[in-house]
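Listed below are the residues making up each chain.
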Amino acid sequence: MLNLSEFISTHVTNRNDSMFAEDIKKNINSLTKSIKNKSVLVIGGAGTIGSSYIRALLRFEPKSLVVVDINENGLTELTRDLRSTNEVVVPEEYITYPMSYSDPVFYKMFRERNGFDIVANFSAHKHVRSEKDKFSVEALINNNIINAKGLLDILQQYPPKHFFCVSTDKAANPVNIMGGSKKVMEDMIMTYSQKYPVTTARFANVAFSNGSLPAGFLERISKGQPISAPKDVTRYFVSPEESGQICLLACIIGKTGEIYFPKLRKEQVMTFSDMANKLLKEYGFDVNECASEIEAINESQRNIKEKYPVYYSDSDTTGEKAYEEFYTDLEEVDLERHNSLGVVINLKPREMSEINILLKKLKQAFDNLDTTKADIVKIMKGFLVNFDHKEVGKSLDSKM
């Protein structure tokens, strides 16, 4: 049976211990003081990063924890996992709500509790494949931008001591609508950073996170289906544990208006095809590299004993970025403050009027049945100076 955590540390991150362990140790007193006996709300807490944040947080003994997520099954598994883990202490007041943070019932709950000391938002459309047409783009932007604006507004009425909203490395020089939406989200939350403490984090791919390509490898193997992956896309990876820790550190010790990111070296990148090869070897397979998806599917119909069918291709879909970066040439960066964390500092907040004009344009576009995906891209390009979206007419849904 595969020990996934051990595989990640040995073959993906090449780290036995968390890269953020030293920074947590150095800031242990600040973390304890800020979290112990405090009320916490985690939105999107059933996902990989949100649940990892919760596990990192609970060691500091908050008074209460409320978790909101639209994934009812995910919340059930989160609860079972937390209560089945020896070193995790679940607070006496622990409540999960299967609801959207844009629902009226969410705001009823929020107001009745008079807000929270700590609020962390992990709700997001995170996949490039979520931008195939104007309808999927509208859903993505509603979640990543418009719904987030509603949360930011209610936080003005009940200011938290710490507010964190997760971003992505793809917000640095975005080439897809998902990354562009998260860059807009960054700009938007920075506008509120003068009203209450606001931080965010860009980080590498989380190895085997829910819905990720590596998690898909495990599904394909379990079903005896071929593996498909790009061979020309390089990515940095952090473990699920590390993803929660970087968010916790940014949330609690970050200064308002700052963006955190991991200090990873160029030699630490790997391709998805290389990861697939290592995983198959761990399962005891050699690789049968096929020339097409059809060949790989046909090969999988045979009894797979020693050689596993894979299809590795060049990336040719809209929005795929061949490499990762965590900050741009236009951003000021502090690389000395922390051991394993860099910080984008001294960002100039956009005017609230600019944010409101953008949202008005987006809503008007969504209300117009004749609006195209290209129209939405044009609106975003008018707001983002470095948005380099190129449409090639092919989405990830057209591939295995």
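Below is a summary of the structure that appears in this document. (Residues numbered from 1 in each chain as written. Predicted model: local features only at pLDDT ≥ 70, side-chain atom pairs only at ≥ 80, totals over all residues. Heavy atoms only, no water.)

For the chain, the helix and strand inventory stands at 14 helices and 16 strands. Principal-axis analysis of the C-alpha atoms gives the chain an extent of 60 × 55 × 40 Å. Scored against the burial criterion, the 400 residues of the chain give a buried share of 56%. Considering only residue pairs separated by 6 or more positions, the chain has 78% of its internal contacts joining residues 24 or more positions apart. Summing over all exposed atoms, the chain offers an accessible surface of approximately 18500 Å²; the carbon and sulfur share of this is 47%. Counting 51 positive and 54 negative side-chain charges, the chain places the centres of these two groups 3 Å from one another. (Helix = DSSP H or I, 4+ residues; strand = E, 2+ residues; numbered from the N terminus. Buried < 20%, exposed > 50% of the residue type's maximum accessible area, 1.4 Å probe, protein only. Contact = heavy atoms within 4.5 Å. Areas by Shrake-Rupley, 256 points an atom, 1.4 Å probe, with all protein chains shown as cover. Lys, Arg positive; Asp, Glu negative; His and termini not counted. Charge placed at Lys NZ, Arg CZ, Asp CG, Glu CD.)

Here the focus is the sheet that holds strand β14 (residues 307-313). Spatial strand order, β8-β14-β13: three strands in an open sheet with parallel pairing. In this open sheet, the two edge strands, each paired with only one partner strand, are β8 (227-230) and β13 (286-289). Mean inter-strand twist for the sheet, computed between neighbouring axes without regard to direction, equals 40 degrees. Against the sheet, helix α9 (residues 213-223) makes contact with β8 and β14, and its axis sits at roughly 160 degrees relative to β8, the strand it touches most. (Pairing = 2+ DSSP bridges. Axes fitted to C-alpha atoms, helices over the stretch in contact; angles between N-to-C directions.)

Before going further, it helps to spend a moment on the pattern of salt bridges. Counted under the stated rule, the structure contains 19 salt bridges. In this structure, the salt-bridge partner of Arg-113 is Glu-93, at a minimum N-O distance of 3.0 Å. Here Glu-93 lies in strand β3 (residues 93-98) and Arg-113 lies in the loop between α6 (104-112) and β4 (118-121), a separation of 20 residues in the sequence. Accessibility expressed as a relative area gives 25% for Arg-113, which makes it partly exposed. Given the relative accessible area of 32%, Glu-93 is considered partly exposed. In this structure, Lys-183 engages Glu-331 in a salt bridge whose closest nitrogen and oxygen atoms are separated by 4.0 Å. Linking Lys-183 in helix α8 (residues 177-191) with Glu-331 in the loop between β14 and β15 (332-334), this pair joins segments that are 148 residues apart in sequence. Look at the salt bridges and you will find they share partners, linking Lys-183, Glu-186, Asp-187, Arg-202, Glu-331, Arg-350 and Glu-354 into a network. (Salt bridge = Lys/Arg side-chain N within 4 Å of Asp/Glu carboxyl O.)

The next subject is the packing of aromatic side chains. Applying the stated rule across the entire model yields 14 aromatic pairs. Judged by centre distance (5.3 Å) and plane angle (85 degrees), the ring pair of Phe-106 and Tyr-107 falls under edge-to-face. Taken together, the ring pairs connect Phe-106, Tyr-107, Phe-110, Phe-116 and Tyr-158 into an aromatic cluster. (Phe/Tyr/Trp six-rings, centres within 6.5 Å; stacked < 30°, edge-to-face > 60°.)

As a further point, take the packing of helix α13 (residues 352-367) against helix α14 (residues 373-383). At a minimum axis separation of 10 Å, α13 and α14 run at an interaxial angle of 175 degrees. Accordingly, the angle class assigned to the pair α13 and α14 is roughly antiparallel. Each of Glu-354, Ile-355, Leu-358, Lys-361, Leu-362, Ala-365 and Phe-366 in α13 lies in contact with α14, whose residues at this interface are Ile-376, Ile-379 and Phe-383. (Parallel < 35°, antiparallel > 145°, perpendicular 65-115°, else oblique.)

Ala-296, Glu-299 and Ser-300 are the residues of helix α12 (residues 293-300) that are buried. An end-on view of α12 places all buried positions within 100 degrees of arc, on one side of the element. Each element contacted by the buried residues of α12 is listed here: β13 and β14. (Arc of directions from axis to C-beta.)

Note that Thr-79 resides in helix α5 (residues 72-83). A sequence separation of twelve residues divides Thr-79 from Val-67, and the C-alpha atoms of the two residues are 9.9 Å apart. Ignoring anything within four residues of it in the chain, the contact list for Thr-79 reads Tyr-94 and Thr-96.

One pass over the full model with this rule turns up zero disulfides. Between Cys-251, a cysteine without a disulfide, and Cys-247, which holds the nearest cysteine sulfur, the sulfur-to-sulfur distance is 8.8 Å. Owing to a relative accessible area of 2%, Cys-251 belongs among the buried residues under this scheme. (Disulfide = S-S within 2.5 Å.)

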